[in-house]
Amino acid sequence: MGFISLGCPKNLVDSEVMMGLLDRAGARLTAKPEDAEILVVNTCSFIDTAKQESVDTILEMARHKTEGRARKLIVAGCLVERYREEIQKNIPEVDAVIGTGELESILAAAGIETTPGNAAPSPFTILTSRQAEVRSGKEAEAGTHRSRAGSDGVRAGNQDSPKGRAEGQHREAQGRFRRDAWRGASHLLPSYLYDENTPRLLSTPRASAYIKIAEGCDHPCSFCIIPNLRGKFRSRRFESVVAEAEQLVARGVREITLIGQDTTCYGEDLGLRDGLATLLDALARIEGLRWLRFLYAYPNRITGRLLDTMARHDNICKYLDLPLQHASPDVLKGMKRGAGAEIFLGTLGKVRAAVPGIALRTSFIVGFPGESLRDVLVLQEFIKEAKFDWLGVFSYSDEEGSGAHALNGKLPRRTIESRRQRLMKLQQSISRKTKQSWVGREVTLLAEGECAETPLLWEGRSQFHAPEIDGKVYISDFGPLEKLEAGRFYRAEIIEAHDYDLVARIVSAES
Ligand code: SF4
């Protein structure tokens, strides 16, 4: 087996950086697990199920070392930040661990001695397919692992040195980033940021790429341990992000998705006002960039300037990912996020008025300690009124080290799950109706390739679908065209709608 990236797109970017460093150092990359001599698992540790998946994957990979030809197993990512010593003590097959702030250590962990601009010979093979592909036994598609590394030989690292931010200092003084509750965790908070000169090996489909614009988080959300895992909020330099976007577009990327734990805080530590809006404004001017979007917005940081910027540029997707977590003021207070249904409806109203036709995604957590039936009803009514295009409901996970861990009023798993299902069912009926209204609409689609389940259909996305998380658009009819090309844009008519997915017929190819 080989390089497996678990968890969110932010972790995926870390994987791409580590793969880029290895690639630049001369490592040969393969999608065949049985050929890999060094295996890397980049783990997630956000909630219980993610931790379990990470441990299962490490153990699965360890078998390739004891029974196969693999000779090294490296574990990276969030699980290391939390269980560094435990992993080394309890899984002896693991040769090295790399925290989220130590990405450059991948070279030493893999046993590669290299100097900047002086690539080492290729001593091993690394599997670069992502977990889904590995699990399904599918080989990584040709072209998936294209090297987009800069060739200037500049050493990767803290070109973007992290700066302080009043909110971060304040939270630190309050103990926000303490790891005392975690035995065996590293005591050092990560501070690493990659930059435009850091090599990255993209693993996303040909025309799309993520850019991580910031790392860490200073918010006090009581259910969340991400700040303890990823450190204080720090933005990449403005020029560095613009330069990386220009490089990506020059190499054929047409869709860029900006990510960070909270993208709407971008630039606050650099002294920028409305940093995200300013950044979007600059990026939207890059010639050849067709779609630009950002994920993970924080509700009270949606400014008028941000919305104006979204409305002004045709290539900024009319799409907003706004994780609200709940709608009951009491639960939100316990979560240390504040606000409530009424305030959120006001925000959504402003967003829809400023950016007509915008698609809205949110996510909620149910089963927070003390959540009453009344709180669930408040959330239910809010979901009915807000009519989100895309919505995820997650079960509360009681994480040691989070503020909520010490709270009373924990709910039984069964109760949490039944609340989650009830809300998902409600959203399903809302989505069914709103998706029906798409039938007959003409949209631009980015063709992504043949459908995994059947070669009779292709898959695509509109600007209203973010990569990997939203429903799909199946293309059943190529219209006047003989064939489609993955990574190209087409005009298409929506001809059918299901609960979450749509079916389209191609009208014409776009230039
Ligand atoms: S905004 Fe809240 S939920 Fe999101 S990463 Fe920061 S602390 Fe966690």
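Our structure is the block above this text.
Residues numbered from 1 in each chain as written. Predicted model: local features only at pLDDT ≥ 70, side-chain atom pairs only at ≥ 80, totals over all residues. Heavy atoms only, no water.

### A look at the site of the ligand
Lining the immediate environment of the ligand, one finds Arg176, Cys217, His219, Cys221, Phe223, Cys224, Ile226, Pro227, Gln261, Tyr298 and Arg337. Considering only residue class, the shell around the ligand consists of 7 nonpolar, 2 polar and 2 charged. (Near = heavy atom within 4 Å. Nonpolar A, V, L, I, M, F, W, Y, C, P; charged D, E, K, R; others polar.)

### So, the packing of helix 2 (residues 48-66) against helix 3 (residues 78-90)
Two quantities define a packed helix pair, namely the angle between the helix axes and the distance between the axes. Interaxial distance between helix 2 and helix 3 falls to 11 Å at its minimum, and their mutual angle equals 75 degrees. In terms of axis orientation, helix 2 runs roughly perpendicular to helix 3. Across from Lys51, Ser54, Val55 and Ile58 in helix 2, the residues of helix 3 making contact are Leu79, Arg82 and Tyr83. Grouping the constituent residues of the contact of helix 2 with helix 3 by class yields 4 nonpolar, 1 polar and 2 charged. (Axes fitted to C-alpha atoms, helices over the stretch in contact; angles between N-to-C directions. Helix = DSSP H or I, 4+ residues; strand = E, 2+ residues; numbered from the N terminus. Parallel < 35°, antiparallel > 145°, perpendicular 65-115°, else oblique. Contact = heavy atoms within 4.5 Å.)

### Regarding the sheet that holds strand 14 (residues 390-395)
With respect to topology, 3 strands assemble into an open sheet ordered 12-13-14, the strand pairing being parallel. Since the sheet does not close on itself, it has two edges, and those belong to strand 12 (319-321) and strand 14, each with one partner. Each neighbouring strand pair of the sheet contributes to a mean axis angle of 15 degrees, computed without reference to strand direction. With 3 bridges connecting them, strand 12 and strand 13 (residues 359-366) associate as parallel partners. Residue Tyr319 lies in a different strand from strand 13, and its bridge partner there is Ala359. (Pairing = 2+ DSSP bridges.)

### A closer look at the sheet that holds strand 11 (residues 291-294)
Overall, parallel pairing links the 3 strands, which are arranged 7-10-11 in an open sheet. On the outer flanks of this sheet lie strand 7 (208-212) and strand 11, each paired with one strand and no other. Neighbour to neighbour, the strand axes of the sheet diverge by 20 degrees on average, direction disregarded. Note: strand 10 (residues 255-259) against strand 11, 4 bridges, orientation parallel. Residue pairing across strands places Thr257 opposite Arg293, the latter belonging to strand 11. Helix-sheet contacts for helix 8 (residues 238-250) involve strand 7 and strand 10, and the interaxial angle to strand 7 is about 170 degrees.

### Focus on unusual backbone geometry
With a phi close to 60 degrees, Tyr296 is a non-glycine residue in the positive phi region. Mapping Tyr296 onto the fold places it in the loop between strand 11 and helix 10 (304-312). Its relative accessible area of 17% is what places Tyr296 among the buried residues. Residues other than glycine seldom take positive phi values, yet Ala339 does so here, at roughly 70 degrees. Tracing the chain through its elements places Ala339 in the loop between helix 11 (329-334) and helix 12 (341-354). (Buried < 20%, exposed > 50% of the residue type's maximum accessible area, 1.4 Å probe, protein only.)

### Overview of helix 9 (residues 275-284)
In terms of burial, helix 9 is a largely internal element, 8 of the 10 residues being buried. Within helix 9 the residues assigned to the buried category are Gly275, Leu276, Ala277, Leu279, Leu280, Asp281, Leu283 and Ala284. Buried residues along helix 9 sit in contact with helix 8, strand 10, strand 11 and helix 10.

### Quick look at the pairing of strand 17 (residues 473-477)
Examined bridge by bridge, strand 16 (residues 458-461) and strand 17 share 3 bridges and lie antiparallel to one another. Pairing of Glu459 across the sheet is with Tyr474, part of strand 17. Here strand 17 pairs with strand 19 (residues 502-509) via 4 bridges, running parallel. Within strand 19, the residue paired with Ile475 across the bridge is Ala504.

Don't take any of this as a statement about function, it's just geometry.
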